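What the coordinates show
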Amino acid sequence: MEKVRIETDVLGEIAVPADKYWKSQTQRSLENFRIGTEKMPKGIIRSFMILKKACAQANLAFGKISEKQADAIVHVCDEVLAGQWMDQFPLSVWQTGSGTQTNMNVNEVITMLGNAYADEQILSANDVVNCSQSSNDTFPAALHILCALEVHERLLPALDRMIAQFSVLEKENAGIIKIGRTHLQDATPLYFSQELSGYRSMLEHSRQQILAALPFIYELACGATAVGSGINCPVGFDLDVTGRISASTGLPFVPDPNKFHALTSKDACAFLSGGLKALAANLMKIANDIRLLASGPRCNIHEIDIPANEPGSSIMPGKVNPTQCESMTMVCVQVMGNDATVGFAASQGQFELNVFMPVIAYNLDQSIRLLSDSMNSFCTHCLSGLKANEEKMREYVDNSLMLVTCLNPVIGYKKAAQAAQYAHQNDISLKEAITTLGYLSEEEFDRYVDAKKMIHTEL
């Protein structure tokens, strides 16, 4: 039989496993919210520790707690930040919408571990660890810290890697001409490097759009306490705490200039999620293009080859599928769904508090991690081995009827269209159609119809 100890709170007694470092509020949450398998992200716990450490130091500076108390809190926060005790934060995402139970889970664990470290009962979850704070301002602050850290530490490095990989591919494929396609139909030629540059530019634009959201993420709710009025919090606490968080993370956090906005609005999260969705939309287009260009190899486009990473079929021997593209596009649809969740949740700020914050934290954390991991995987297992099938590209260019476009200034649009249709209907080359219809001689056709001359290389 599991050993327990009895903890008490205003609701009475509750049994807690004896080997756990949490108290009554954590235990009540575990028992009252047996919902799903989704747990609070480790990133939110990490962010809480950064926040609680800064709050303890600020409270010491304001004379709200003793040096011994601050030292104990900081010690535990540093241990958790180093990777210890993560099994002590077991709560479900599907809990109170303010995240109060996770804030108290953090407070309780810091209290028990801090008292054990000090070898005396110097900390309490509400009066000391939570001093000058409320769950209503700590959870949104931790949420913003989570987003900022994950974007800088995971997303941007993966995004930069993919941008760099496309730059390499542009250089490797310089001078190779391929046929363009619009509406899934043949169009005029372009350089393969130009097509690749479009992918690179999509990612560069996504990067700038995500960066544009970060100044709003850097605004923290610290000092707002219960409803934004700052009750039980010393004046200047918000500046002190955000300054310490900035120093420890290297990121420019500042107090939200309006604390009432900080508690009830999650517009910064919705804005960032929109940037993640836009990145997902661009990645979806890139992955789809690559798997279409690689389709075949005998009976479809097959203008590029991508790495054969694993067998593609349990019944068709030798079949290889564009699995990295499939994986990435599944990530993209998940991120798009997450954005819908974040948007709905951000709209639910009734009166002085938004009470959908745990689900916002969970979805943003998942979106950032999935996009980061997917881009790294795609670079390693797909883009690094992408090769142009120059012979097939040349064949498509030579057979394209849309080369006739360059003859518009020479024979006019109407005759050019008639020649293209004549060639298609009679299954002959464009050159044969033009000369058969008497629009140009073979020599004139060869002089005017040149794929290279149809491409403005400066674009």
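Computed from a prediction, not measured in an experiment: that's the story for all the values here. (Residues numbered from 1 in each chain as written. Predicted model: local features only at pLDDT ≥ 70, side-chain atom pairs only at ≥ 80, totals over all residues. Heavy atoms only, no water.)

**A look at the overall build of the protein**
- In terms of helices and strands, the protein carries 17 helices and eight strands.
- The globule rule puts the C-alpha radius of gyration for 459 residues at 23 Å, and the 30 Å found for the protein is more than 25% above it.
- Based on the C-alpha atoms only, the size of the protein along its principal axes is roughly 100 × 50 × 35 Å.
- Here the protein holds 459 residues, and 51% of them are scored as buried.
- Put simply, 72% of the contacts in the protein that link residues at least 6 apart link residues at least 24 apart. (Helix = DSSP H or I, 4+ residues; strand = E, 2+ residues; numbered from the N terminus. Rg over C-alpha atoms; globule rule 2.2 N^0.38 Å. Buried < 20%, exposed > 50% of the residue type's maximum accessible area, 1.4 Å probe, protein only. Contact = heavy atoms within 4.5 Å.)

**Structural notes on helix 11 (residues 323-346)**
- An ideal rise of 1.5 Å per residue puts 34 Å on 24 residues; helix 11 measures up with 34 Å between its terminal C-alpha atoms.
- Within helix 11, burial applies to Gln324, Cys325, Met328, Thr329, Val331, Cys332, Val335, Asn338, Asp339, Val342, Ala345 and Ala346.
- Buried residues along helix 11 sit in contact with helix 6 (135-172), helix 10 (267-293) and helix 12 (357-381). (Expected span 1.5 Å × (residues − 1).)

**Digging into the pattern of salt bridges**
- Applying the stated criterion across every chain, the model contains 21 salt bridges.
- Close ionic contact of arginine 5 with glutamate 7 constitutes a salt bridge, the shortest N to O distance being 2.9 Å. Residue arginine 5 shares its accessibility class with glutamate 7, and that shared class is buried.
- Linking aspartate 339 and lysine 277 is a salt bridge whose minimum nitrogen-to-oxygen distance equals 3.2 Å. One end of the pair, aspartate 339, is in helix 11; the other, lysine 277, is in helix 10, and 62 residues separate them in sequence.
- Within the structure, one salt-bridge network assembled from shared partners comprises Glu150, Arg154, Asp365 and Arg369. (Salt bridge = Lys/Arg side-chain N within 4 Å of Asp/Glu carboxyl O.)

**Some details on the packing of aromatic side chains**
- According to the stated counting rule, one finds six aromatic pairs in the structure shown.
- Judged by centre distance (5.9 Å) and plane angle (65 degrees), the ring pair of phenylalanine 48 and phenylalanine 139 falls under edge-to-face. Of this pair, phenylalanine 48 sits in helix 2 (residues 42-61) while phenylalanine 139 is found in helix 6, placing the two residues 91 residues apart along the sequence. Take phenylalanine 48 and phenylalanine 139: they sit in the same class, and that class is buried.
- Lying across the ring of tyrosine 396, arginine 181 places its NZ or CZ 5.6 Å from the centre.
- It is arginine 447 that lies over the ring of tyrosine 448; its NZ or CZ is 5.1 Å from the centre. (Phe/Tyr/Trp six-rings, centres within 6.5 Å; stacked < 30°, edge-to-face > 60°. Lys NZ or Arg CZ within 6 Å of the ring centre and 35° of its normal.)

**Observations concerning the nonpolar core**
- Formed by 110 residues in total, the largest nonpolar core has its most connected members in Ile44, Met162, Phe166 and Ile290.
- No other element matches the 18 residues that helix 6 contributes to this core.
- Excluding residues within four positions of it along the chain, phenylalanine 166 makes contact with Leu196, Tyr199, Arg200, Leu203, Ile286, Ile290 and Leu383.
- Core analysis: the next-biggest nonpolar cluster, separate from the first, contains 18 residues, Leu403, Cys406, Leu407 and Leu440 among them. (Core = buried A, V, L, I, M, F, W, Y, C linked by side-chain atoms within 4.5 Å.)

**A closer look at the pairing of strand 4 (residues 185-191)**
- Note that strand 3 (residues 177-182) and strand 4 share five bridges and pair antiparallel. If you follow threonine 182 over to strand 4, its bridge partner there is glutamine 185.
- Hairpin connection from strand 3 to strand 4: two residues lie between these consecutive antiparallel strands, with histidine 183 at a positive phi of about 60 degrees. (Pairing = 2+ DSSP bridges.)

**Comments concerning the side chain of lysine 178**
- Inspection of the secondary structure puts lysine 178 in strand 3.
- Taking relative accessible area as the criterion, lysine 178 reaches 1% and is therefore assigned buried.
- Within the structure, the side chain of lysine 178 is placed 3.3 Å from the side chain of glutamate 195, a separation counted as a polar contact.
- When neighbours within four sequence positions are excluded, lysine 178 is seen to be in contact with Pro189, Leu190, Phe192, Glu195, Leu293, Glu303, Met393 and Val397. (Polar contact = N/O pair within 3.5 Å; in protein donor to acceptor, adjacent residues only side chain to side chain.)

**Let's talk about the packing of helix 10 against helix 11**
- Close contact between helix 10 and helix 11 brings their axes to 8 Å; oriented N to C, the two are set at 160 degrees. Between helix 10 and helix 11, the angle falls in the class roughly antiparallel. Taken as a pair, helix 10 and helix 11 cross one another with a handedness that is left-handed.
- Residue composition of the contact of helix 10 with helix 11, by class: 17 nonpolar, four polar and four charged. (Axes fitted to C-alpha atoms, helices over the stretch in contact; angles between N-to-C directions. Parallel < 35°, antiparallel > 145°, perpendicular 65-115°, else oblique. Left-handed = near helix turned anticlockwise from the far one by under 90°. Nonpolar A, V, L, I, M, F, W, Y, C, P; charged D, E, K, R; others polar.)

**A few points about the environment of aspartate 427**
- Mapped onto the elements, aspartate 427 comes out in the loop between helix 15 (413-425) and helix 16 (430-436).
- On the basis of relative accessible area, aspartate 427 is assigned to the exposed category, the value being 71%.

**Quick notes on unusual backbone geometry**
- Each neighbour pair has its own omega, and for glycine 296 with proline 297 the value is 5 degrees, a cis peptide bond.
- In this fold, proline 297 is placed in the loop between helix 10 and strand 7 (304-305).
- Even without being a glycine, aspartate 427 presents a positive backbone phi close to 55 degrees.

**Overview of the side chain of glutamate 79**
- If you trace the backbone, glutamate 79 turns up in helix 3 (residues 67-81).
- No salt bridge is formed by the buried glutamate 79; the nearest opposite charge belongs to lysine 53, separated by 12 Å. (Lys, Arg positive; Asp, Glu negative; His and termini not counted.)

**A short note on the pairing of strand 2 (residues 12-17)**
- In terms of strand pairing, strand 1 (residues 4-9) meets strand 2 through six bridges, oriented antiparallel. For isoleucine 6, the partnering residue across the bridge sits in strand 2 and is alanine 15.
- With antiparallel pairing between neighbouring strands as the criterion, strand 1 and strand 2 make up a hairpin whose turn holds two residues.

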